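Observations on chain architecture
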2 protein chains.
Amino acid sequence: MPHIRKDPVTKQSVIISSERTGRPSDYVNSSERHIANSELSCPFCRGHEMKTPDPVYTVYAEQEEIWQVRIVPNKYPIISETHENELPKENELFHASSSKGFHDVIIEHPDHYFNFYHAQTEDFFYIFKAVMMRLKDLGKNEDMMYSLYFKNFGPEAGASLYHSHSQIITTPFIPVQMYEEISGALDYYTKNGRCVYCDIIKEEKSLNERVICENNNFIAISPFASKSPYQIYIIPKEHSDSIVHVSSSNILDFSSILKDVFDRLYKLLGEVGFNYVLHTLLPTLENKYKTSSHWFLDIMPKMSKLAGYELGSGVFINSITPEDATQQLRNIL
Amino acid sequence: MPHIRKDPVTKQSVIISSERTGRPSDYVNSSERHIANSELSCPFCRGHEMKTPDPVYTVYAEQEEIWQVRIVPNKYPIISETHENELPKENELFHASSSKGFHDVIIEHPDHYFNFYHAQTEDFFYIFKAVMMRLKDLGKNEDMMYSLYFKNFGPEAGASLYHSHSQIITTPFIPVQMYEEISGALDYYTKNGRCVYCDIIKEEKSLNERVICENNNFIAISPFASKSPYQIYIIPKEHSDSIVHVSSSNILDFSSILKDVFDRLYKLLGEVGFNYVLHTLLPTLENKYKTSSHWFLDIMPKMSKLAGYELGSGVFINSITPEDATQQLRNIL
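Reading guide: rules and limits
Residues numbered from 1 in each chain as written. Chains lettered and ligands numbered in written order. Predicted model: local features only at pLDDT ≥ 70, side-chain atom pairs only at ≥ 80, totals over all residues. Heavy atoms only, no water. UniProt positions renumbered as here; feature names shortened; annotations may be inferred. Salt bridge = Lys/Arg side-chain N within 4 Å of Asp/Glu carboxyl O. Helix = DSSP H or I, 4+ residues; strand = E, 2+ residues; numbered from the N terminus. Buried < 20%, exposed > 50% of the residue type's maximum accessible area, 1.4 Å probe, protein only. Pairing = 2+ DSSP bridges. Phe/Tyr/Trp six-rings, centres within 6.5 Å; stacked < 30°, edge-to-face > 60°. Lys NZ or Arg CZ within 6 Å of the ring centre and 35° of its normal. Axes fitted to C-alpha atoms, helices over the stretch in contact; angles between N-to-C directions. Contact = heavy atoms within 4.5 Å. Buried area = accessible area lost by both parts, 1.4 Å probe. Polar contact = N/O pair within 3.5 Å; in protein donor to acceptor, adjacent residues only side chain to side chain. Nonpolar A, V, L, I, M, F, W, Y, C, P; charged D, E, K, R; others polar. Least-squares fit on C-alpha atoms with pLDDT ≥ 70 in both. Lys, Arg positive; Asp, Glu negative; His and termini not counted.

As annotated in an unreviewed UniProt entry, chain A is Galactose-1-phosphate uridylyltransferase from Brachyspira suanatina. The UniProt entry for chain A carries the following comment under Sequence similarities (unreviewed entry): "Belongs to the galactose-1-phosphate uridylyltransferase type 1 family."

1. What about the pattern of salt bridges?
All chains considered together, the criterion is met by 32 salt bridges over all chains. A salt bridge links Lys290(A) to Asp241(A); its shortest N-O distance comes to 3.2 Å. Of this pair, Lys290(A) sits in the loop between helix 5 (283–289) and strand 13 (296–301) while Asp241(A) sits in the loop between strand 11 (232–236) and helix 4 (248–269); the two residues are 49 residues apart in sequence, bridging distant segments of the chain. Residue Asp241(A) is classed as buried on the basis of its relative accessible area of 3%. Its salt-bridge partner being Asp199(B), residue Arg194(B) comes within 2.8 Å of it at the nearest N-O pair. Looking at Arg194(B), the relative accessible area reads 39%, which means it is partly exposed. Classification of Asp199(B) by relative accessible area gives buried; the value is 12%.

2. Details of the pairing of strand 7 (residues 146–153) of chain A
Residues and elements named next belong to chain A. Among the eight residues of strand 7, eight are classified as buried, and the element is accordingly described as predominantly covered. Burial of strand 7 is two-sided: the residues Tyr 146, Leu 148, Phe 150 and Asn 152 facing one way and the residues Ser 147, Tyr 149, Lys 151 and Phe 153 facing the other way are all buried. By the bridge criterion, five bridges tie strand 7 to strand 12 (residues 274–279) in an arrangement that is antiparallel. The residue bridging Asn 152 from the neighbouring strand is Asn 275, located in strand 12.

3. Details of the packing of aromatic side chains
The tally for this structure, following the rule as stated, stands at 52 aromatic pairs over all chains. One Lys or Arg, Arg210(B), reaches over the ring of Phe94(A) and ends 4.8 Å from the middle of that ring.

4. As for the sheet that holds strand 11 (residues 232–236) of chain B
All names here are of chain B. Spatially, 3-4-6-8-7-12-13-11-10-9 is the arrangement adopted by the ten strands of the open sheet, whose pairing is antiparallel. The sheet is open, and its two edges are formed by strand 3 (57–60) and strand 9 (211–214), each paired on a single side. When the angles between neighbouring strand axes are averaged without regard to direction, this sheet yields 15°. Where strand 11 lies against strand 13 (residues 296–301), three bridges are found, and the strand directions are antiparallel. Paired with Tyr 233 across the bridge in strand 13 is Asp 298. Packing against the sheet, helix 1 (residues 121–138) makes contact with strand 3, strand 4 (67–73), strand 6 (102–107), strand 7 (146–153), strand 8 (165–171), strand 12 (274–279) and strand 13, and its axis sits at approximately 35° to strand 4. Running at roughly 40° to strand 9, helix 7 (residues 322–331) makes contact with strand 9 and strand 11 of the sheet.

5. Observations concerning the interface of chain B and chain A
Buried accessible area, meaning the area lost when the parts come together, often serves as the stated size of an interface. Contacts between the two partners involve 82 residues from chain B, matched on the other side by 82 residues from chain A. For the pair chain B and chain A, the summed buried area comes to about 6800 Å², and 63% of that belongs to carbon and sulfur atoms. A per-residue breakdown of the area chain B buries against chain A is headed by Val9(B), Phe224(B) and Tyr309(B), which together make up 11% of the total. Seen at the junction of chain B and chain A, the total is six salt bridges. The residue Arg5(B) makes a salt bridge to Glu323(A) at a minimum N-O spacing of 2.9 Å. On inspection of chain B and its partner chain A, the count reaches 22 residue pairs in polar contact (both at pLDDT 80 or more). Looking at which element gives the most residues to the side of chain B that touches chain A, the answer is helix 2 (residues 176–192) of chain B, with ten residues. A class-by-class count of the residues in the side of chain B that touches chain A yields 38 nonpolar, 25 polar and 19 charged.

6. A closer look at the relation of the copies chain B and chain A
In summary, the two copies of the chain are related to each other by a rotation about an axis coupled with a shift along it. Between chain B and chain A, the superposition needs a rotation of 180° and an axial shift of 0.0 Å, giving an RMSD of 0.0 Å. Here the symmetry operator amounts to a two-fold rotation axis. An overlap of 100% is found between the interface residues of chain B and their copies at the interface of chain A, pointing to a shared contact surface.

7. Considering the pairing of strand 7 of chain B
In this sheet, strand 8 of chain B lies alongside strand 7 of chain B in antiparallel orientation, the contact comprising five bridges. In the sheet register, Tyr149(B) faces strand 8 of chain B, and the bridge partner there is Ile168(B).

8. Re the side chain of Glu181(A)
Here Glu181(A) lies in helix 2 (residues 176–192). The buried charged residue Glu181(A) lacks any salt bridge partner; its closest oppositely charged side chain belongs to Lys227(A), at an N-O distance of 6.1 Å. Every residue in contact with Glu181(A), bar those within four places of it in the chain, is listed here: Tyr197(A), His279(A), Phe296(A), Val9(B) and Thr10(B).

Structure representation (structure tokens):
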């Protein structure tokens, strides 16, 4: 059964999840776009609802009775409750624990051929509204520390099914990267009395070298220390620690800048694979971090592979300066 | 020019290196093994020595005048000295610095078709002896904090040239993952008065669930919190913080367990891509960490891609338990 182990030296958590190997894939060769399975067998298409577990959240299109977005439990979850007797032997060095948690799949559209690069603002609105509502619900579990919403687009970015979808993994621990950010932001707040992301936005607007585009409530920038080519942060301009507090009109504004950003990426790079990750707090962490944390979406086009140096050292090597990436993304429209 | 930037929130270092894009590749499609360039144009083959910069270290085969292993500066280095005026604008939030350092390529064999999975013990001996000698030399630079020796095998693991080679990247900072390990090991030492790796070896031998194989001086284990399927640590049984202090007869013993491990991997998984990374101290860090750190080789077969969750969270998901991986690797010979 899935469970969580801690590295005896670094204390970093690893999820051991051997149940994942049986899951289906649409891609014959995981490095190519060639689709093996057809629409007919797709578990995510409208009309195939019985192929997934019952939804935990559903969005219906306005004035229609058919669904627009469905959130269902993952049939091959990387986390689920572990029984004590299934854990490995423990001692002072080796710690393992149950991987209680939630693993959701967001089926983003009923149409098999719906594609993020050609989506409309309202498509994004339905998806992010659904994610927001689900995160609100997940936040009611007091023993859950983090819900990580992410998307893998294209087999090169780790997607196994073609039909447009994304995922939420909710864990009883704060993932190490999120912990580094949350603590870094708290340190800055303690020292300066201001949110570090609010200061970054101010600074980026004044320098105007890494701002890709903006609208009323959101700004898209190439982060100063971008880890990979064309990495993009979309950040709300007003301080906000969590997407769960965002109004519908702001979600619409967010959807509109998202469309702008994906238009630019598509025109510049074509239908390149990408990962995105939402950095946002659950209510369980808000007491401590509400004033110092600031939510944002981190988009990472898949332009190269991580090799030994990055994997071993945790240090990323980026072959394009964020300023050059910004210029290219600015000028393409 | 290449330079180092610090993330304003997490303080993590990123290397910005736009000079890398011009480097050659043997692989038409970076996801496939198909070789585009032939032996004729290979810069690493015997007879083509003028295609690389002059070597910084050379090993000659016994009683022969031709080279066996050559270490040369990388023609497309990810680090090199930056001039102050080439750095991006800095302020309280945005820190950038020169990426002074070294980037070496180890040309592991004169033969274009030399292959790690079919190598002999003496081939490994020449390679690791050369690496050890070069690390000794690099350690004389007092402003360099870490030399990371690593190998990418196969395009899926990030190799761009077919001819067998590995690399050393030497930086003025300690990479974040190495820092986590070195500090974790120091914490353990401070608390218990013993090296954590020495204790792990003792514990693993007693449990006997994750020991793949061993010889007089080395042990190969599946780490308790393996980050990926079939991850393997090869660790010296006696406490030793750095490979630079190891005797020739111990390097021979190390080479022999390496051959054993690659025989097992090949029989079980075929010619699968892999990364390995050497965890070892430079003399610059020995004053503080000599008694608490312990060198080892970390081998990571490339069985799957990192996707959004891993990239965003820093948490790895492993689909095979280390105990199962050990059983398979034990029984295959």
